[in-house]
Amino acid sequence: MASQAVKSRNTISLKGSAQIVSEFFNYAVNSILYQRGIYPQETFVQKKQYGLAMMVTKDDGLLAYLTNVAKQMTDWLEKGLLQRLVLVVTSAYSNEVLERWTFEVQTDAAALGDGPPPEKPEKEITAEIQAIIRQITASVTFLPLLEDPCTFDLLVYTDTKSAVPEEWEESDPRYITNATDVKLRSFTTKVHKVDTVVSYRTADA
Amino acid sequence: MADNQCSPLTQRENSVRLFGPKTPGRAGREKLDRFIPQRNGLDAEHGMFQLGQENQGSAASGDGSQTTPSKEEYKKLLAASLNIHEQARVLAFKHKAPAPPEGHDSGLASLYSANLGAAPSRKQFRHVPTTQERILDAPDLVDDYYLNLLDWSSNNVIAVALGATVYLWNAGTGSVEELCTCKNEGDYVSSLQWAPDSSHLAIGTSDAKVQIWDAGRAKQVRELCGHTNRVSALSWNGSTLSSGGRDSVICNWDVRKRKDEALVATLRTHDQEVCGLKWSPNGQQLASGGNDNMLCIFDANFQLQHKIAAHQAAVKALAWCPFQSNLLASGGGTADRHIRFWNTLTGAQLNAIDTGSQVCALQWSRHEREILSSHGYSKNQLVLWKYPTLAKAAEMTGHTARVLHMAQSPDGASVVTAGADETLRFWRAFGEPTTASSKGEQKAASAAGTSASMLRSVSIR
């Protein structure tokens, strides 16, 4: 009986994986917004997650936005349509893209079908996510200072097959010219594999 | 055929690449007369890739050959490396996230500058040694509040009057020299002051004489008569010597003139003995204090500017601020106990400290914004005050009777005090100059330092 329970906990269903990835996105985005000082520090509250003290926004408008995006994202993740989530940091003055955080999602084709659910202990996944969150926190040390007040936007790369939901619109990819890329760690639930890359504008020579 | 089809296209593509995103075209855009589309949102690489695919497709149909799996793989890799997602649709949520509050500053700038190390913190109060460096015996020093018997020349020679005799003590070598003695029995020296050239010493005596001595030759060069009672205060301003006496008169002598013409001005503002007299460092104003509790400010033409009746006792301690012109500090006697700070242009009192004790002498620090005061009963202490906060920085005790006179060393670091306990004491109250303003000063300072050990206790007489 006990062995059965353990086994079921280690199997990762598509739905569960989507939940994990979506949750990770939420915390990662919150973390970036906090670490990069895009929103005032006092609008964040501490929350224990992944064995770390995460900073999560308490701003109602931002919360509503993130929840809406997360809901849609979970849907796409479950259908395997989500390819990337991109957080774009733009200067509020010049509208120039200063930073681009890319979370590339690779969905395991077998898991989308009726293949047997892969197994991976939750502990391992948490450890991998923890490492990424730590890297995001540490990124402050190498990313250039955001001198202007900044705004952010989330871009989602989806399959062309999927219909555009009503509340979404098509956007340009908003690349950074003269970007430097830094690849962070990845994590996998064996259903979804998430790679994280941060690109930032190199200082003008 | 394929060539015909694609050559204009490829050419066009080339031109696109020519004006690709790397071209710094922003400045030149307005000069060109043809339409160049906005390329920020244009994925030129993607376009190139797709054009290539189109060409290939047409070529393939023309040739009838199949694309090999390796070519497909290469295409995939190329697509991946160029960040092209053919089947991707970039979507953004219509309702954007709320903008951060207006005027929000990320505060990361402080984090970025944190590695520079903490800002050098200035110690609020530097260390001030509270004990004297050395003590000299000064027997027969007249215990009279109204006299001025101690001065330190810029040649590092201290002149002190002990009873009827003036002694010169060289602070560099420690040698003692007897300059002069009053001839008549019962007379004594009541004041002395070094001339700015530091080779001449003005001496006022109890028999109402003002004498000017050449210290190098130990010879009297002038004798000025005009007072009718003892001369208790002297002050030089270039070649002008001002003397104040018990006859409540301030006489101003031009020492370059003949004996009968030397008295250039007589000031009869005070009603009682003039015991404090100081020319300002710029020579524009003369401050005088008297036993009538008055503080008077005269200009360089000996016109009375201000007559201030703020002190409740005799005004003996006077000190002009070296770093702020028109700032004068004056200290009152036992009944007053205050140090008052004046703007001598307007006559306004800027500040006052109740010291709780008779103020006998005042000296400003030349390096720090500090003023040192010497006091009488009950603690006979020296107190170092910060200016303008007037915080007490240090209190130095050692004298066993009131500290009557005070003089500053030429390097501005040390102070010598003469107390009614018949001792001279040296204090390092003002610390080292941060930047030695002249080599001579530095030399004098080092000379004073070396002699310190060898002359820990030497009797002048």
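Since the structure is predicted, the reported quantities are computational estimates derived from the model, not experimental observations.

### Observations regarding the sheet that holds strand β3 (residues 150-152) of chain B
Pairing between the strands of a sheet is mediated by backbone hydrogen bonds and can be parallel or antiparallel. All names here are of chain B. Reading across the sheet, the four strands line up as β3-β4-β5-β6 and stay open at both edges, with antiparallel pairing between neighbours. The sheet terminates laterally at β3 and β6 (176-181), the two strands that pair on one side only. Each adjacent strand pair in this sheet contributes to an overall mean axis angle of 20°, direction not counted. Bridge count between β3 and strand β4 (residues 157-162): three bridges; the pairing is antiparallel. Each residue of the ladder has a partner; that of D151, found in β4, is A159.

### A closer look at the interface of chain B and chain A
Each partner contributes to the interface: chain B provides 26 residues, whereas chain A provides 46 residues. Together, the buried faces of chain B and chain A total about 3,300 Å²; carbon and sulfur atoms form 58% of this surface. For the chain B face of the interface with chain A, the top three residues by lost area are B:R89, B:L91 and B:F93, together amounting to 25%. The tally of links between chain B and chain A comes to two salt bridges. The shortest N-O distance in the salt bridge between A:E169 and B:K96 comes to 3.9 Å. Across the chain B-chain A interface, the total number found is eight residue pairs in polar contact (both at pLDDT 80 or more). Taken together, the elements giving at least two residues each to the side of chain B that touches chain A come down to β1 (88-93) and α4 (108-113) of chain B. Sort the elements by how many residues they give to the side of chain B that touches chain A and β1(B) lands first, with six residues. Taken together, the residues of the side of chain B that touches chain A sort by class into 14 nonpolar, seven polar and five charged. Sheet topology note: the strand β5 (residues 150-159) of chain A/β1(B) ladder contains five bridges and is antiparallel.

### Examining the nonpolar core
With 58 residues, the main nonpolar core has A:F24, A:F25, A:W101, A:F103, A:F152, A:L154 and A:F187 as its most contacted residues. In contact with A:L154, not counting residues within four places along its chain, are A:V29, A:Y65, A:L66, A:V69, A:L85, A:V86, A:L87, B:L91, B:A92 and B:F93. Of all hydrophobic cores here, the second largest spans 33 residues; its members include B:A138, B:L141, B:V160 and B:W169.

### Side note on the UniProt feature "repeat: WD" (unreviewed entry) in chain B
Residues and elements named next belong to chain B. Per the UniProt annotation, the sites labelled "repeat: WD" (unreviewed entry) are residues 182-223, 224-263, 267-299 and 396-427. Between the first and last C-alpha atoms of residues 267-299 the distance is 12 Å; the span itself is 0% helix and 55% strand. Taken end to end, residues 396-427 comprises 0% helix and 53% strand; its first and last C-alpha atoms sit 9 Å apart.

### Here's the deal with the sheet that holds strand β7 (residues 189-194) of chain B
Residues and elements named next belong to chain B. The sheet built from four strands is open, its strands ordered β7-β8-β9-β10 with antiparallel pairing. Edge positions in the sheet fall to β7 and β10 (219-225), since each of these pairs with one other strand and no more. The sheet shows a mean angle of 20° between the axes of neighbouring strands, direction not considered. One ladder, built from five bridges, connects β7 with strand β8 (residues 200-205); its direction is antiparallel.

### Side note on the packing of helix α2 (residues 14-35) of chain A against helix α5 (residues 122-138) of chain A
All names here are of chain A. Close contact between α2 and α5 brings their axes to 10 Å; oriented N to C, the two are set at 20°. The angle between α2 and α5 falls in the class roughly parallel. Viewed along their axes, α2 and α5 form a crossing whose handedness is right-handed. Residue-level inspection shows I20, F24, Y27, A28, S31, I32 and Q35 of α2 in contact with α5, the latter providing I125, I129, I132, I133, I136 and T137. Looking at the contact of α2 with α5 residue by residue, the class counts come to ten nonpolar, three polar and no charged.

### Observations regarding the pattern of salt bridges
Under the defined criterion, the tally for this structure stands at 24 salt bridges over all chains. Residue B:D214 pairs with B:R217 through a salt bridge whose shortest N-O separation is 3.2 Å. Where salt bridges share partners, they join A:D153, A:E169, A:R174 and B:K96 into one cluster.

Conventions used here
Numbers given for residues are sequential positions, taken from 1 along each chain in its written order. Lettering for chains starts from A, numbering for ligands starts from 1, and both go in the order in which the items are written. pLDDT decides what is reported in this predicted model: residues at 70 or higher carry local features, side-chain atom pairs at 80 or more are listed and counted, and totals for whole chains, interfaces and linings draw on all residues regardless. Note that water and hydrogens are dropped before the side-chain values are worked out from all heavy atoms of the structure. Two strands pair if DSSP finds at least two bridges between them. Only runs of H or I of at least four residues qualify as helices and only runs of E of at least two qualify as strands under DSSP, and these elements are numbered from the N terminus. Convention adopted: a line fitted to C-alpha atoms gives each axis, helices being fitted over their contacting stretch, and angles between N-to-C directions are expressed from 0 to 180 degrees. We call two residues contacting when some pair of their heavy atoms lies within 4.5 Å. Values labelled buried area give the accessible surface lost by two parts on being combined, using a 1.4 Å probe and summing over both. Throughout this description, the term salt bridge denotes a Lys or Arg side-chain nitrogen within 4 Å of a carboxyl oxygen of Asp or Glu. Residues adjacent in sequence count toward polar contacts only when both atoms are side-chain atoms; beyond that, a polar contact is any pair of N or O atoms within 3.5 Å, and within protein one must be able to donate a hydrogen and the other to accept it. Following the grouping adopted for this structure description, the nonpolar residues are Ala, Val, Leu, Ile, Met, Phe, Trp, Tyr, Cys and Pro, the charged ones are Asp, Glu, Lys and Arg, and the polar ones are all others, Gly among them. Take the buried residues of types Ala, Val, Leu, Ile, Met, Phe, Trp, Tyr and Cys, join any two whose side-chain atoms come within 4.5 Å, and each joined set is a nonpolar core. Each residue is assigned to one of three classes by its accessible area relative to the maximum for its type, calculated with a 1.4 Å probe on protein chains only: buried under 20%, partly exposed between the two thresholds, exposed over 50%. UniProt positions are given in the numbering used here, feature names are shortened, and annotations may be inferred rather than shown by experiment. Oblique is the label for any angle not under 35 degrees, not over 145, and not in the 65 to 115 range, which are roughly parallel, roughly antiparallel and roughly perpendicular in turn. By convention, the crossing between two helices is left-handed when the near helix turns anticlockwise from the far helix through less than a right angle, and right-handed when the turn is clockwise.

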